[in-house]
Structure formats: structure tokens, C-alpha cells
Amino acid sequence: MSLNLKGKSFLKLLDLSGEQIGELIDLAAKLKEEKKNGVNQKCLEGKNVALVFEKDSTRTRCAFEVACADLGANAVYIGPSGSQIGKKESIADTARVLGRMFDAIEYRGFGQDIVEELSKYAGVPVYNGLTNEFHPTQILADFLTIKEHCGDLKGKKLVYMGDARYNMGNSLMVGCAKMGMHFVACTNKEFFPDKELINTCEEIAKQSGAVLEFNECVKDAVKDADVIYTDVWVSMGEPYEVWAERIEKLSPYQVNSEVMKMAGEKCKFMHCLPAFHDLKTTIGKDIFDKFNLNGLEVTDDVFESEASIVFDEAENRMHTIKAVIFSTLK
Ligand code: CP
Ligand code: NVA
């Protein structure tokens, strides 16, 4: 085992080796199996974990809370309003206060610099539960799910369609580079990941054997894909006004049945969720009505199809987050 993460923060996949990422995924698979078999996992009794959320969450919050409960640790949720964080108290001061009371701190919010700053001052492990730039715990769940459905990660072709220059596109590119996969950003070139991050990932790919591709042509990009992945076109914290431009530029990159057919029979559909695939959400309905659309990043038929493994992926958030807490605190 080269995992060796005890006492360390989990801020972005760039900080870990491919081997460590692989071991975290294997540990999550073991913890998942144990849970299904009713094994008592309460090895972190007496530990306290702070869950700081400056943005909303269903999966990440619940995954941390359930993982902590399963491991016997206590979780304290601090929501987007009601605390002093960043408003009356600096990140460094907050980190030093929480670090005196808690054994670890999860943070979901805005800039990556905030979670890095928390980690610098907290004196305890800090976990990135999503920033604008990265969503590393999501990738662990995604890769465990790919392993379960498609086998070994090495050489697998993952095509990311849509806004590839935000947290999900960035993190999937880094994860694929580390694990020797074939990553394709299939989108309008304005939405390709940041050049500097691409360069960093190209260097990693030289060692891991990964292939990185940036392609505006859907037909070429999706051929023989193992996974087509997408995410919302407008992320939390972005202004409502950007919807019109995103719809115009990203509509050609919607994941629909034609795209899945072009990819081939074995191709799975993935999405970190929440997804706009029907009219059953207030924001979704508003956008559909305003722009007279029949779908956003993914159509309902693909979302509900046999190829869609989004709920396995959502469940795996919990098992993989448990692996992160376990390996950093035990
Ligand atoms: N995928 C994900 O992070 O979901 P939440 O926003 O519900 O946590
Ligand atoms: N890109 C999305 C991911 C949600 C899990 C967002 O930041 O809102």
C-alpha cells in the first residue's frame, strides 16, 4: 500500500499519484462490500468532522454525513448562511478555530484558493467538497462506477461534453491523465479547459500513457467511447444571465440518443447530478419555457435509458468519501 494519506488534506487530484487514486477506489469498493454485508465500520468513534457548505448540496452533504455515521464519527453541518465564514471572519481565522475543535473539515464553496487556505491554517485534514475549479471526491465515485461497469480504467475512453472548463471537466481531465485513460473534451473550443491545466495534464499523460483530446466534432469525438459524461451548462454561483449564451454555444453538445448511437452499444452515460433532463425542477422548467427547448445537457430518454449509470454513480459518492475520511483519519 502506498496510500499513506493519514493526516493529509484531499484538495485536488493533482496532489495524488495515480497509484494513490487507484488505492482509494479499491478501498471504497472494499468498504462498499463490507457495508452491504453488515460489517461494523465504527473505527472513528470520538472523531468530529466539520462540513462547511457555502453552496447547496444533496449528494456531497449526505455522503459525508452517512459516511461519518457509518464510521462512528460525528459530523456537524455549517450551511451557506448563519456562520461568520468569509463575512466577519477570514478563512485563516476560521481554519484555526475549526481546527481546534474538529479532526477534519470538509469545504464546498467558491475559489480553490479558499480550500487551499483552509488547509494551510487548519492543522487537520481538509476535504474539497467542490470548488469552482475542482470536484475531486466526485471523480473517485465516477471512477469506481466505471470500474464496476466497464472494468479496468487504463485505456478507457471518456468523452466529456458541455462546459469542460469548470470543476467537472477540469477534474475529469486530471483524473483521466493520472489513470492512463483517454479523455476527450468534446465541446465548443471556448469551453475547453484552461491551457495551463491542459499542459500540466499533458506532462502527467507522458508518464501514465493517457491520451488527451480536444475536439469540436461530436461524430469523431464520441466514436467507440466507453463513457459519455456531461454536467449542467451553468454551475452554482454563475449568474442566470449566462444561460442564453450557454444554450447557444453548448446545444450542439447535448447528450441525446443520436449521440449515444454514434458512440456505440457499449457506451455508458454518466452525470455528476443534479441534471436538467425534464420539466420537474423549477429552474429547468423556467429555462425550458423561456428558451422553448426540449432538453438541456441531456435528454430525458438518455437519462432514463439502460446505458445511464447515474444512480450507481450517486451511491458511490458515499463509499468513496468514506474511503477518503478513513484513509486520512484512521
Ligand atoms: N454531484 C454533487 O456534488 O451533487 P451535490 O451538489 O448534490 O452535492
Ligand atoms: N458544475 C456543477 C457541479 C455540481 C456537482 C456546479 O458547480 O454547480
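Scoring rules and cut-offs
- Throughout, a residue's number is its position along its own chain's written sequence, starting from 1.
- Starting at A for chains and at 1 for ligands, labels are handed out in the order in which the entities are written.
- Only residues with pLDDT of 70 or above have their local features reported here, since the model is predicted, and side-chain atom pairs are shown and tallied only from 80 upward, although totals for entire chains, interfaces and linings are computed over all residues.
- Side-chain measures here rest on the full set of heavy atoms in the structure, leaving out hydrogens and waters.
- If a single non-hydrogen atom of a residue is within 4 Å of a molecule or strand, that residue counts as near it.
- Counted as a polar contact is a pair of N or O atoms within 3.5 Å, where, for protein atoms, one must be capable of donating a hydrogen and the other of accepting one, and residues adjacent in sequence contribute only when both atoms are in side chains.
- Shrake-Rupley sampling with a 1.4 Å probe provides the accessible areas, and residues are treated as covered by the protein chains on show and by no other component.
- Charged means Asp, Glu, Lys or Arg here, nonpolar means Ala, Val, Leu, Ile, Met, Phe, Trp, Tyr, Cys or Pro, and polar covers whatever is left, Gly included.
- Only DSSP runs of H or I reaching four residues or more are called helices, and only runs of E reaching two or more are called strands; each is numbered from the N terminus.
- The span you would expect from a helix comes to 1.5 Å times its residue count less one.
- Each residue is assigned to one of three classes by its accessible area relative to the maximum for its type, calculated with a 1.4 Å probe on protein chains only: buried under 20%, partly exposed between the two thresholds, exposed over 50%.
- As used here, the arc is the angular range of directions from the helix axis to the C-beta atoms.
- Contacts are residue-level and defined by heavy atoms, with any inter-residue pair within 4.5 Å sufficient.
- Think of it this way: DSSP has to see at least two bridges between two strands before they count as a pair.
- Axes here mean lines fitted to C-alpha atoms, for a helix over just the part in contact, with angles spanning 0 to 180 degrees between N-to-C directions.

1. Things to note about the site of ligand 1
And step 1. Surrounding ligand 1, one finds Ser57, Thr58, Arg59, Thr60, Arg108, His135, Gln138, Cys272, Leu273 and Arg317.
And step 2. Here a nitrogen atom of ligand 1 and a side-chain polar atom of Gln138 are 2.9 Å apart.
And step 3. A total of 260 Å² of accessible area belongs to ligand 1 in isolation, and the protein chains cover 96% of it.
And step 4. Of the residues contributing to the shell around ligand 1, the split by class is 2 nonpolar, 5 polar and 3 charged.

2. Comments concerning helix α7 (residues 195-208)
And step 1. Look at α7: 20 Å from first C-alpha to last across 14 residues, which is about the 20 Å you get at 1.5 Å a residue.
And step 2. Turning to α7, its buried residues number three or more, namely Leu197, Ile198, Cys201, Ile204, Ala205 and Ser208. Along the axis of α7, the buried residues cluster in a sector spanning 120 degrees; they form a single face. In α7, the exposed residues that point more than 90 degrees away from the buried face are Lys195, Glu196, Lys206 and Gln207.
And step 3. For α7, the secondary structure elements touched by its buried residues are α6 (167-178) and β7 (211-215).

3. Observations regarding the sheet that holds strand β3 (residues 104-108)
And step 1. If you trace the 4 strands from one edge of the open sheet to the other, you get β2-β1-β3-β4, paired in parallel fashion. For this open sheet the edge positions go to β2 (74-78) and β4 (126-128), each flanked by a neighbour on one side alone. Each neighbouring strand pair of the sheet contributes to a mean axis angle of 20 degrees, computed without reference to strand direction.
And step 2. Judged from the 3 bridges that link them, β3 and β4 form a sheet pairing that is parallel. Bridge pairing links Glu106 to Tyr127 in β4.
And step 3. Sheet contacts for helix α4 (residues 112-122): β3 and β4; angle to β4, the most-contacted strand, approximately 170 degrees.
And step 4. Relative to β4, helix α13 (residues 310-329) is tilted by about 160 degrees, and along the sheet it contacts β1 (48-53), β3 and β4.

4. Considering the sheet that holds strand β6 (residues 182-186)
Across a sheet, strands are paired by hydrogen bonds formed along the backbone, either parallel or antiparallel in direction.
And step 1. Judged by pairing direction, the sheet is parallel, and its 5 strands sit side by side in the order β7-β6-β5-β8-β9 without closing on themselves. Unpaired on one side and paired on the other, β7 and β9 (268-271) mark the two borders of the sheet. Sheet twist, expressed as the average angle between the axes of neighbouring strands with direction ignored, equals 20 degrees.
And step 2. Bridging between strand β5 (residues 157-161) and strand β8 (residues 227-230) involves 4 bridges; their strand directions are parallel. Note that in β8 the partner of Val159 across the bridge is Ile228.
And step 3. Across the sheet, helix α5 (residues 136-150) touches β5, β8 and β9, and the angle it forms with β9 is around 165 degrees.

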